[in-house]
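# Structure at a glance
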Amino acid sequence: MAAGPAPALAAAPAHSLRAGIIDALIAAFIALAIAAPIIGLRTVSLEGGLALTTRWGAVAIAVAVVFAGRLALTLLWWPRHKPARRDSAGRRLLARARDSGLAERAMLLLAPALLIFAIALPATPFADRYVLDIGILVLTYIMLGWGLNIVVGLAGLLDLGYVAFYAVGAYSYALLATHFGLSFWICLPLAGFLAAMWGLILGFPVLRLRGDYLAIVTLAFGEIIRIVLLNWYDLTNGPDGISRIPRPSFFGLEFDRGEGGFAAFFGIGYSSDHRIVFLYYLILALALLTNFVTLRLRRLPVGRAWEALREDEIACRSLGINTTATKLTAFATGAMFGGFAGSFFATRQGFISPESFVFLESALVLAIVVLGGLGSQIGVVIAALVMIGGFELFREFEQYRMLVFGFAIVLIMVWRPRGIIASRTPSIFLKERKSIGAESVGEGRG
Amino acid sequence: MSARAQAATAARSEPAALAADPILTVEHLTMRFGGLLAIDDLSFSAERGQITAVIGPNGAGKTTVFNCLTGFYKPTEGMITMRHADGASFLLERMDDFRIARSARVARTFQNIRLFPGMTVLENLLVAQHNTLMRASGYTLAGIFGLAVYRKAERKAVERARYWLDKTGLLERADDPASDLPYGAQRRLEIIRAMCSQPLLLCLDEPAAGLNPAESDELNRLLRDIRDHHDTSLLLIEHDMSVVMGISDFIVVLDYGEKISSGSPHFVRNDPKVIAAYLGIDDEDAGTGGAP
């Protein structure tokens, strides 16, 4: 494993000391340049405006830490691990994991373990309302990630406006339920259907575009939907949003106090947690449905055509595959699950406004898919846990939350450039199922 | 075969007109890219159940002809007719590329191999049977509920894939990603992938490019086998003379987008115009043969 020619570099200690100090000075200078404005200057609000205070002592400490740390690394750590810069710690770890096949075996157990954990979570003692709320949030993003994975991961079409379908689903349910009094269970398929229709409407004009161009148009589409929702006051109530959206019922039993409620029917004491637990299992079921359908589709000709499209569109056409129709089905299927998730969001919140459907949501879902590994179902789960759950965990870091969070994402991408689960599982095999390394799998160019 | 070859020798300039049962007829095909005339008024036909080769020096317009036949280019002028044995005929210049593959049943391979690199060999062969499987899966609806109809169709598709893998010695590699195969095997895989779509006409764009002599022989055996034992006629572009002369029943020679000769391998090999333009005989030899 450690194939690096170490002795040659460790041979000249005097020279390496000088080089190390120069290197550390450069690092310290960079640290100074960065720390001076960020750490050194601090705004304080006074009566009548903002004022600046300086903290040069803190800057000096930061620069000293960088200098000493860099020097220590150069002298003590890196010589033993040369060539340090080429063979990073992450890459070595990765290679070791790949060689032992440990990661693969762990993966086989991971999915059932996560599933059991997800089903058992509400019954565990630490599952208070806060934990369940986070669970619901994570599952919503897992479902969105799985939906987008069909479009981006399987068909290789970069969609930056996925939140549009989420919005269509949410508003479909909210409007149908508040105006026509339709129940959640009737609205759910309708919302999915309407979102899929929007997927087709978006799909028709843009599918001749490829790669970056497709990404820009989908981005614009996402914004158009949001701006229409914001300005079509008569229908959507504009920025005020839609409130008092009906909650879902348990086979006709409402989760409320009194006669005919869920608690009264089963003869148990009323608790506001019943609804939360119900919502938790509802989104779990919806997410698992998404996963089940996606896995099923992958083994069907349409799923294989999606993946073939990602690999080579021209070859697909030469084999008689209607690439336009294939792309449209991918768009519509992804959009449908986005619509389901949207109508769940509306019923959980009870209130929706265009504020909830900003571009950041699209970016977050896309980040989950990319971080998890394009096309990987379990990767999306891990990434959603890390991104959404992790974001909650970092709450104690307060203002550094975004910083820590961003740093974590950068680290993951450096460690695994093709996502956490980068390998692809074949959809069919003759003798033995071998997973395919990321280096062979195409990323799709739209 | 010999009678047709003699006819070709006698007619010299227009032997294609004598084709008895053409599967493909190209008439007055012209392709212009801006000011560049890539193909100029080309007419030829390919006989059913035979191997027809299109040869010519670099830049003669061979691949452009293929791209017109398979719908990747829309020709500026001309008519391309595909005739099935049951009498159905298709005007290829008016059809979308995927419809040419699906309805007219013309399959093709590419000069620079185009596989699905991240999918296994077997998956590559199943994607080629997309339209058959799509129908069997009730356009996904029957498939998603796992109906027996679809499972049976998929088993049949795997059987067909296994047949071709066995024939080309790729059975052991069926579960490996296509990109892991050596170059020669990738070429073979691309050909059998096209065959899995059950074409009536298979267009091969330089199938022997980059193959060593042993692989080239193996390719010849495969192509002959396809011609003799399957309901598929072949049209191939080739640089490698050993392949062309060894297996072709009929050859069309292009130079600067024009047909300069056509006929049996024997006829073409001895045509002075072809020798001058392509086969690289010394200048004075070509001169004595009547240079163009």
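These figures come from a predicted structure and were not determined experimentally.

Listed per partner, the contact involves 34 residues of chain A and 42 residues of chain B. Between chain A and chain B, a total of about 3400 Å² is buried, with carbon and sulfur atoms accounting for 64% of that surface. Taken as a group, Pro301, Leu319 and Leu430 of chain A account for 20% of the area that chain A buries against chain B, more than any other trio of residues on that side. There are 4 salt bridges connecting chain A and chain B. Across the pair Asp312 of chain A and Arg114 of chain B runs a salt bridge whose closest N-O atoms are separated by 2.9 Å. Inspection of the chain A/chain B interface yields 9 residue pairs in polar contact (both at pLDDT 80 or more). A total of 7 residues in the side of chain A that touches chain B trace back to one element, the largest contributor, which is helix H13 (residues 301-311) of chain A.

On to helix H8 (residues 184-206) of chain A. All names here are of chain A. With 23 residues, H8 extends 32 Å between its outermost C-alpha atoms, agreeing within 8% with the 33 Å of an ideal straight helix rising 1.5 Å per residue. Along H8, the residues classified as buried are Phe184, Cys187, Leu188, Ala191, Gly192, Ala195, Ala196, Gly199, Leu202, Gly203 and Val206. Elements that come into contact with the buried residues of H8 comprise helix H7 (163-180), helix H9 (211-231), helix H12 (273-298) and helix H15 (323-349).

Residues and elements named next belong to chain B. At His28, a position not held by glycine, the phi torsion is positive, near 50 degrees. With respect to the secondary-structure elements, His28 resides in strand E1 (residues 22-33). We classify His28 as partly exposed; its relative accessible area is 48%. The backbone of Asp41 shows a phi angle near 50 degrees, a positive value even though the residue is not glycine.

Moving on, we come to the pattern of salt bridges. In a structure, side chains of opposite charge can pair up when their charged atoms sit close to one another. Following the criterion strictly, the structure yields 24 salt bridges over all chains and no others. Here Arg227 of chain B makes a salt bridge to Asp228 of chain B, at a shortest N to O gap of 3.0 Å. Since its relative accessible area comes to 48%, Asp228 of chain B is described here as partly exposed. Residues participating in the shared-partner salt-bridge network are Arg298, Glu307, Arg310, Glu311 and Arg424 of chain A together with Glu123 of chain B.

With that settled, consider the packing of aromatic side chains. Aromatic ring pairs are described here by two measures, namely the spacing of the ring centres and the angle between the planes. In total, this model carries 14 aromatic pairs over all chains according to the counting rule given. Where Tyr162 of chain A meets Phe165 of chain A, the ring centres are 6.0 Å apart and the plane angle is 75 degrees; that geometry is what we call edge-to-face. You'll find Tyr162 of chain A and Phe165 of chain A in the same group, each marked buried. An angle of 80 degrees between the planes, with centres 5.2 Å apart, marks the rings of Phe33 of chain B and Tyr73 of chain B as edge-to-face. Of this pair, Phe33 of chain B sits in strand E1 while Tyr73 of chain B sits in the loop between helix H2 (62-69) and strand E4 (77-83), placing them 40 residues apart in sequence. For Tyr73 of chain B, a relative accessible area of 30% puts it in the partly exposed group. Site record: aromatic cluster; members linked through ring pairs are Tyr162, Phe165, Trp198 and Phe221 of chain A. Between Arg108 of chain B and the ring centre of Phe72 of chain B, over which it is positioned, the NZ or CZ distance is 5.2 Å.

Ile352 of chain A together with Leu189, Leu202, Leu223 and Ile226 of chain B are the most contacted members of the largest nonpolar core, which totals 161 residues. The leading source of residues in this core is helix H6 (residues 129-154) of chain A, at 15 residues. In this view, Leu189 of chain B contacts Leu115, Val121, Leu125, Leu170, Ala178 and Leu181 of chain B; residues no more than four positions away in its chain are not counted. Judged by nonpolar contacts, the second largest core, of 32 residues, contains Met31, Phe66, Phe90 and Leu254 of chain B.

What counts and how
Residues numbered from 1 in each chain as written. Chains lettered and ligands numbered in written order. Predicted model: local features only at pLDDT ≥ 70, side-chain atom pairs only at ≥ 80, totals over all residues. Heavy atoms only, no water. Contact = heavy atoms within 4.5 Å. Buried area = accessible area lost by both parts, 1.4 Å probe. Salt bridge = Lys/Arg side-chain N within 4 Å of Asp/Glu carboxyl O. Polar contact = N/O pair within 3.5 Å; in protein donor to acceptor, adjacent residues only side chain to side chain. Helix = DSSP H or I, 4+ residues; strand = E, 2+ residues; numbered from the N terminus. Expected span 1.5 Å × (residues − 1). Buried < 20%, exposed > 50% of the residue type's maximum accessible area, 1.4 Å probe, protein only. Phe/Tyr/Trp six-rings, centres within 6.5 Å; stacked < 30°, edge-to-face > 60°. Lys NZ or Arg CZ within 6 Å of the ring centre and 35° of its normal. Core = buried A, V, L, I, M, F, W, Y, C linked by side-chain atoms within 4.5 Å.

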